[in-house]
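Per-entry structural report
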Amino acid sequence: MKTSFLTNISIRRKLTYIIMSISTISVLITTLAISVIGVYTLRNNIIGELGISARIVGDRNKASLEFDNYGQIENNLSVFSVKQEIVQACLYDHADVITGQIINRQVGQYSGASYRRQDCPQQLTQQIEVTKDRIKVSRTITDSNGISIGLIYIESTQDQISAYIEKQTIIALAVMIAVLVLSYLLAVGLQRTISRPILRLADTAKQVTSHKDYSIRAAVLGDPEKEFNNELVILT
């Protein structure tokens, strides 16, 4: 018949394993919760920043779209080229024709690429799309009367989130190692107040049994020893 691992080890080791296990699990759960909340917050912040950038750059290009003067559009879009996380930005007129595009050649798939307007998606609507490694924001540009005159599309990597997850993983490992060391030291310290009295009582009981001598008494450290000695008095 199989017995559990903890059944065959000493009280001291049981106490050590229990304390270390509870501490480690608690740290892992806490770190995981903080990381999930952090990723969610960071992703929302990125989406918010992209939305603000889309609104600002879209407003700058209103005049160009209203009067079909596209000479300054790509110059206005160039603000995105300094942001390493931006993959590309595209501007469309009211007929969904691409009037300007900026490609960030620092991003892997565009490194050394030629100027390709076909990289801009077609038939866009105002939306936010989050994929495995990209965040895509499309925002309608309207004139003073609220009529749609174009649309701006911004595509960003999720490198910031990947870097955050990597950082959190390193922190979690460092904290877990520190907790394991501290919990081990705590368990060793608790053995003096928990396991040693129990082991002394067990040793006294073993002596009574082996020698059949009910006059043996346990050293009184607290109520358990008093009760044990009282039982021996009754048996005497």
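Summary of the structure given here.

Thresholds applied
- Residues numbered from 1 in each chain as written.
- Predicted model: local features only at pLDDT ≥ 70, side-chain atom pairs only at ≥ 80, totals over all residues.
- Heavy atoms only, no water.
- Helix = DSSP H or I, 4+ residues; strand = E, 2+ residues; numbered from the N terminus.
- Buried < 20%, exposed > 50% of the residue type's maximum accessible area, 1.4 Å probe, protein only.
- Areas by Shrake-Rupley, 256 points an atom, 1.4 Å probe, with all protein chains shown as cover.
- Pairing = 2+ DSSP bridges.
- Core = buried A, V, L, I, M, F, W, Y, C linked by side-chain atoms within 4.5 Å.
- Contact = heavy atoms within 4.5 Å.
- Disulfide = S-S within 2.5 Å.
- Salt bridge = Lys/Arg side-chain N within 4 Å of Asp/Glu carboxyl O.
- Axes fitted to C-alpha atoms, helices over the stretch in contact; angles between N-to-C directions.
- Patch = residues over 30% accessible without salt bridge, like charges linked within 9 Å, V, L, I, M, F, W, Y side chains within 5 Å.

Observations regarding the overall build of the chain
Secondary structure assignment for the chain yields 6 helices and 5 strands. Listing every helix and strand of the chain by position from the N terminus yields α-α-α-β-β-β-β-β-α-α-α. By residue count, 34% of the 236 residues in the chain fall in the buried class. In the structure as shown, the chain presents an accessible area of about 14,800 Å², 58% of it carried by carbon and sulfur atoms.

Notes on the pairing of strand β2 (residues 98–103)
With 6 of 6 residues buried, β2 lies mostly within the body of the structure. Of the strand pairs in this sheet, strand β1 (residues 86–93) and β2 are connected by 5 bridges, and their pairing is antiparallel. If you follow A89 over to β2, its bridge partner there is I102. Hairpin connection from β1 to β2: 4 residues lie between these consecutive antiparallel strands, with D96 at a positive phi of about 65 degrees.

A few points about the nonpolar core
Side chains of a nonpolar character, in soluble globular proteins, are inclined to be buried together. Within the largest apolar cluster, 22 residues are counted, with the highest numbers of intra-cluster contacts made by L50, L77, F80, L91, I152 and I154. Setting aside anything within four residues of it in sequence, one finds I154 in contact with L50, S53, A54, F80, I86, Q88, A89, I135, K136 and V137. Grouped together as the second largest cluster of nonpolar side chains are 7 residues, Y92, I98, C120 and Y153 included.

Quick notes on the state of the cysteines
Taken as a whole and judged by the stated rule, the model has 1 disulfide. The partner cysteine of C90 in its disulfide is C120, sulfur to sulfur 1.9 Å. The chirality of the disulfide connecting C90 with C120 is left-handed, given an S-S dihedral of about -85 degrees. With a gap of 30 residues between them, C90 in strand β1 and C120 in the loop between β2 and β3 (127–130) connect regions that are remote in the sequence. C120 shares its class with C90; the two are buried.

Re the pairing of β1
The buried fraction of β1 amounts to 8 of the 8 residues, a majority that puts the element mostly inside the structure. Note that β1 and strand β5 (residues 148–157) share 7 bridges and pair antiparallel. Among the inter-strand pairings, L91 is bridged to a residue of β5, identified as I152.

A look at the pattern of salt bridges
Evaluated as defined, the whole model comprises 3 salt bridges. For R134, the salt bridge goes to D133, with nearest N and O atoms at 3.8 Å. One salt bridge in this structure joins E155 and R134, with 3.1 Å as the shortest N-O distance. You can see E155 sitting in strand β5 and its partner R134 sitting in strand β4 (residues 134–142), a full 21 residues away along the chain. Counted as one network, the salt bridges with shared partners bring together D133, R134 and E155.

Examining the sheet that holds β5
Read from one edge to the other, the open sheet built from 5 strands follows the order β2-β1-β5-β4-β3, with strand pairing classed as antiparallel. Looking along the sheet, the strands with just one partner apiece sit at the ends: β2 and β3. The mean angle between the axes of side-by-side strands here comes to 10 degrees, regardless of whether they run parallel or antiparallel. Here β4 pairs with β5 via 9 bridges, running antiparallel.

Some points on the side chain of Q168
When you line up the elements, Q168 lands in helix α4 (residues 159–193). Judged by relative accessible area, which is 14%, Q168 ranks as buried. Q168 has contacts with T31, I34 and S35, leaving out every residue within four places of it along the chain.

A closer look at a nonpolar patch on the surface
Together, I177, V181, L182, Y184, L185 and V188 give the surface a local cluster of nonpolar side chains, amounting to about 570 Å² of exposed area. Looking at the element boundaries, I177 is found in helix α4.

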